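So the chains spell out like this:
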Amino acid sequence: MNKSKKWTFFILLMLSILYFSLFIPPNLLGAKDINMISAFEHDEFAQYPNVIRMLTPGETLYQTLRNFVVYLHYYYGYPFYFFSALAILPVKLILGSGWTEQTSTIVMVLRQLINVLPMILSAWVMTWIVTRFSSKLKSVLCFVLLLTLPAAVTNNLWWHPDSLLTLFVVLTLFFLDKDDFRFGKYFYFSGVAAALAIGSKILGVLFVVTYIVYLLYGFFSKKIPFKRLVLATLLQLAVVVGTVIITNPLLLLPIERGEIISVFKANLEQSTVGFWVKTEGNQSQITAIRDIFSQNYGSILLALFSTASLVLGLFHKPVRTRSMIILAWLIGYLGYFVIFASTLREHYLLPAAIPLLAGLFLLIPAPGTIRIGRNLPAVKFDRKQLLVILLAVIVVAQVGVNAFKDAKILESALHKEENSGSINLFNVASEEFLAKIPADVKVKIYRDWRAYVEPRANYEITYDWSLADYDYIHTIDPDVLFIEYDNAYYFSDESKIEQSIRPGEMTAMVEFYSDVINEHLAGYQLLVKTDFGYVFAKDEFYARFFDME
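Let us look at the structure shown here. Residue positions are given per chain, counting from 1 as you read along its sequence in written order. Restriction of local features to residues with pLDDT of at least 70 applies here, the model being predicted, together with a cutoff of 80 or more for giving and counting side-chain atom pairs; totals for whole chains, interfaces and linings are based on all residues. Side-chain numbers come from the whole structure's heavy atoms, not from hydrogens or water.

**As for the overall build of the chain**
Alright, step 1. Elements are defined by DSSP. Helices are runs of H or I of four residues or more, strands are runs of E of two residues or more, and each kind is numbered from the N terminus. Helix and strand counts for the chain stand at 25 helices and 7 strands.
Alright, step 2. Rg of the C-alpha trace for the chain: 27 Å, near the compact-globule value of 24 Å for 549 residues, within the 12% margin.
Alright, step 3. In terms of overall dimensions, the chain has C-alpha extents of about 95 × 60 × 55 Å along its principal axes.
Alright, step 4. For the chain, the computed accessible surface area is about 25,900 Å², with 64% contributed by carbon and sulfur atoms.
Alright, step 5. Just so you know, the count uses Lys and Arg for positive and Asp and Glu for negative, and it drops His and the chain ends. All charge positions are set by atom: Lys at NZ, Arg at CZ, Asp at CG, Glu at CD. Positive and negative charge centroids in the chain, built from 46 and 46 side chains respectively, lie 24 Å apart. Here the radius of gyration uses the C-alpha set of atoms, whereas the globule reference equals 2.2 Å times the residue count to the power 0.38. With residues, only the protein chains shown are counted as cover, and all accessible areas are computed by Shrake-Rupley using a 1.4 Å probe.

This is the structure in structure tokens:
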């Protein structure tokens, strides 16, 4: 590594440390207790008990090992939970027996090491792929652009598999670029990285398009004979499948494998058909991708420039491999969301947006000569320098726009507890009503997903991922209900019945949430109403503790 590249490495390292540190304060918030996690991120709430269970000792060594391997939450692969458990293992060792009470610290470590750190590493890898650290200016601009994307900043504020998926995606691209159609060890290293992407989140399977393009180009450009192509394909398939099994060992156990397949089928149905109501069609997905990109990844113009750079790179031999594998990945990944997917959230596009926008820095034209003024002599001008300057202006402007959005995102994160409508609803209900209940009286409470209820010794708190209807409420018979306004508004719409995937369930939910939004819930009295939601008390419970007449 020459002196210039060493300086580039040092600058990016300093920026990485600063960036990583920036997220520690906001990532300590919103996790005072496990119920508070759900008030802000119910995905984290679903994941959290499982990673804690992985590090919980059993009565025997076998049970302890089983707890670590059988992680139970099969919506995401074992690599996500494996790395998450490793991340918080030092927390357990340092804090000792009462470590699980330190929810804020545990969640902060998970967010930092499973989201922030992999995002930084992803930016490192993509910056190297497109610049080789050959220019300090280009490398720093690429690195900063990728890390200041509003979607990346938002994704750094929770604990989820998407940063790991993005890291394994760019590592796959890195190894394919390193291999450069030699079909040697780096080709098979890419298979390991692709398998880790699949293991972390099933969307990694979309690399199949990239490998088809890579193999076909290798054959038709005569870089590999047919027999060796077949052998390389079969060996790579074995590497990918073997790595998936090794990194997801539950696939070897019949019962757990059946559960994983069942969850996978349910996820596939939800992502292609819809969760509550049927998808609106492919055109709406194209519009959604455009809108999400504009709001969270920079301007569409920047994406078009990046795409043009990648396409032009196909005709420029030194960067052809990089351009080809990135474009193939983008076609496979984004094509899935356009053709098949029915749901789309901003973080879903991270594994595509990071390689796409890095492509902006890929192609630099050769030096040339331009004439300045009709009567002036020709002036030699390095078009490479001109393009770098123009690129710098465009990127700096975009980074400035990103930074403005990022500041708002971080400001909101730093004040999310004090500004939370969910926490406020509980505080109002507690101060005005729940404080009147004697501490020795058991209170059965139902809450919707994001409705916060502070854990207390006399509270028995229940929630359900399928939300509520009258049959469910009659079954659990809660004394107090905490209901979100958003759920009441959405599920009180009778038109949802006709659009729904399961009309029977939707009909029951519409009946219940319509009564909630009309504030006449059968068998219950309204206690509190805020912008966030409602609190109801059962008639007998209300008469016993709250009726002052």
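That covers the picture; the talk isn't over yet.
**Overview of the sheet that holds strand 3 (residues 443–447)**
Alright, step 1. Each pair of strands is called paired provided DSSP finds at least two bridges between the two strands. What the 5 strands build is an open sheet, ordered 4-3-5-7-6; its pairing is mixed. What marks the edges here is a single partner per strand, and that holds for strand 4 (459–462) and strand 6 (524–529). Averaged over neighbouring strand pairs, the angle between their axes works out to 25° when direction is ignored.
Alright, step 2. Taken together, the 5 bridges between strand 5 (residues 480–484) and strand 7 (residues 533–538) define a ladder with antiparallel strand orientation. Helix axes use the C-alpha atoms of the stretch in contact, all axes being lines fitted to C-alpha atoms, and the angles between their N-to-C directions lie in the range 0 to 180 degrees.

**Some remarks on the environment of T8**
Alright, step 1. Mapping T8 onto the fold places it in helix 1 (residues 3–22).
Alright, step 2. Note on exposure labels: buried denotes an accessible area under 20% of the residue type's maximum, exposed denotes more than 50%, and partly exposed covers the range between, all computed with a 1.4 Å probe on protein chains only. Take T8: its relative accessible area is 0%, and that puts it in the buried class.
Alright, step 3. If near-sequence neighbours (up to four positions away) are discounted, T8 is found in contact with F133, S135, K136 and S139. Note on contacts: a residue pair is in contact if any heavy atoms of the two residues lie within 4.5 Å.

**Points about helix 7 (residues 103–131)**
Alright, step 1. Given the number of residues in a helix, its expected span is that number minus one, multiplied by 1.5 Å. The end-to-end C-alpha distance of helix 7 is 41 Å, a good match for the 42 Å that 29 residues give at a rise of 1.5 Å each.
Alright, step 2. Along helix 7, the sharpest kink reaches roughly 30°, centred on Q112.
Alright, step 3. By the criterion of burial, helix 7 is predominantly enclosed, with 23 of the 29 residues buried.
Alright, step 4. A positive phi of about 55° marks R132, the residue just after helix 7. Bend is the name given here to the angle between axes fitted to two runs of seven residues, the run ending at a residue and the run starting at it.

**Side note on helix 10 (residues 162–179)**
Alright, step 1. Given a rise of 1.5 Å per residue, 18 residues ought to cover 26 Å, and the 26 Å separating the end C-alpha atoms of helix 10 matches this to within 8%.
Alright, step 2. Burial analysis of helix 10 places 15 of its 18 residues in the buried class, which makes it a mostly covered element.
Alright, step 3. A positive backbone phi angle near 50° is found at D180, which sits one or two residues after helix 10.

**Some thoughts on the pattern of salt bridges**
Alright, step 1. A side-chain nitrogen of Lys or Arg and a carboxyl oxygen of Asp or Glu constitute a salt bridge if their distance falls within 4 Å. The full count for this structure, using the stated rule, is 15 salt bridges.
Alright, step 2. Notably, a salt bridge pairs E519 with K529, separated by 2.7 Å at the nearest N-O pair. Pair noted here: E519 is in the loop between helix 24 (503–517) and strand 6 and K529 is in strand 6, with a separation of 10 residues, a long-range link.
Alright, step 3. Take K529: its relative accessible area is 49%, and that puts it in the partly exposed class.
Alright, step 4. When salt bridges with common partners are traced through the structure, they connect R132, D177 and R322 into a single cluster.

**Notes on the packing of helix 12 (residues 208–220) against helix 13 (residues 226–247)**
Alright, step 1. Close contact between helix 12 and helix 13 brings their axes to 10 Å; oriented N to C, the two are set at 160°. Judged by the inter-axis angle, helix 12 sits roughly antiparallel to helix 13. In this structure, the crossing between helix 12 and helix 13 has a hand that is right-handed. Together, Y211, L215 and F219 of helix 12 and F226, L229, T233 and Q236 of helix 13 make up the contact between the two elements.
Alright, step 2. Of the residues belonging to the contact of helix 12 with helix 13, the class tally is 5 nonpolar, 2 polar and no charged. In what follows, roughly perpendicular refers to angles from 65 to 115 degrees, roughly parallel to angles under 35, roughly antiparallel to angles over 145, and oblique to any angle outside these ranges. Handedness of a crossing is defined here by the sense of rotation of the near helix relative to the far one, left-handed for an anticlockwise turn of less than a right angle and right-handed for a clockwise turn. Any residue outside Ala, Val, Leu, Ile, Met, Phe, Trp, Tyr, Cys, Pro, Asp, Glu, Lys and Arg is labelled polar, Gly included; the first ten of those are nonpolar and the last four are charged.

**A few points about the environment of M1**
Alright, step 1. Residue placement: M1 occurs in the segment before helix 1.
Alright, step 2. For the pair formed by M1 and P49, sequence separation is 48 residues and the distance between their alpha carbons is 45 Å.
Alright, step 3. What M1 contacts, discounting residues up to four positions off in sequence, is K6 and F9.

**Observations concerning the packing of aromatic side chains**
Alright, step 1. Any two of the Phe, Tyr and Trp rings considered here, Trp counted by its six-membered ring, make a pair once their centres fall within 6.5 Å; the pair's planes then place it as stacked at under 30 degrees, edge-to-face at over 60, or tilted in between. On inspection of all chains with the given rule, the structure shows 57 aromatic pairs.
Alright, step 2. Ring geometry for F219 against F226: centres 5.9 Å apart, planes inclined by 70°, an arrangement best described as edge-to-face.
Alright, step 3. The class for F226 is exposed, based on a relative accessible area of 52%.
Alright, step 4. We note K416 situated over the ring of F40; from NZ or CZ to the ring centre the distance is 5.2 Å.
Alright, step 5. A positively charged side chain is recorded as over a ring if its NZ (Lys) or CZ (Arg) lies within 6 Å of the ring centre. The angle to the ring normal must also be within 35 degrees. R447 extends its terminal NZ or CZ atom over the ring of F45, reaching a point 5.0 Å from the ring centre.

**Topic: the side chain of R447**
Alright, step 1. By the element assignment, R447 lies in strand 3.
Alright, step 2. The side chain of R447 is buried and forms no salt bridge, while E484, the nearest opposite charge, is found at 6.8 Å.
Alright, step 3. In protein, a polar contact means a hydrogen-donor-capable atom and an acceptor-capable atom, both N or O and within 3.5 Å, with residues adjacent in sequence counting only if both atoms are side-chain atoms; elsewhere, any N or O pair within 3.5 Å suffices. A polar contact is formed between the side chain of R447 and the backbone oxygen of W449, at a distance of 2.9 Å.
Alright, step 4. Excluding residues that lie within four positions of it along the chain, R447 makes contacts with N35, S38, F45, V453, I461, T462, Y463 and F482.

**With respect to the pairing of strand 3**
Alright, step 1. With 4 of its 5 residues buried, strand 3 lies for the most part within the structure.
Alright, step 2. Summarising the sheet, strand 3 and strand 4 pair through 4 bridges and their orientation is parallel. By the bridge assignment for strand 4, V443 is matched with Y459.
Alright, step 3. Here 3 bridges tie strand 3 to strand 5, and the two strands are oriented parallel to one another.

**Details of the environment of R450**
Alright, step 1. Considering the arrangement of structural elements, one finds R450 in the loop between strand 3 and strand 4.
Alright, step 2. Judged by relative accessible area, R450 falls into the partly exposed class, the value being 23%.
Alright, step 3. Spatially, the C-alpha atoms of R450 and I331 are 36 Å apart, while their sequence positions differ by 119 residues.
Alright, step 4. Look past the residues within four positions of R450 in its chain and what remains in contact with it is S38, A39, H42, S422, E484, D486 and F532.

**Focus on the side chain of S38**
Alright, step 1. Within the secondary structure, S38 is located in helix 3 (residues 34–40).
Alright, step 2. Those residues in contact with S38 that lie beyond four places of it in its chain are F45, R447, W449 and R450.

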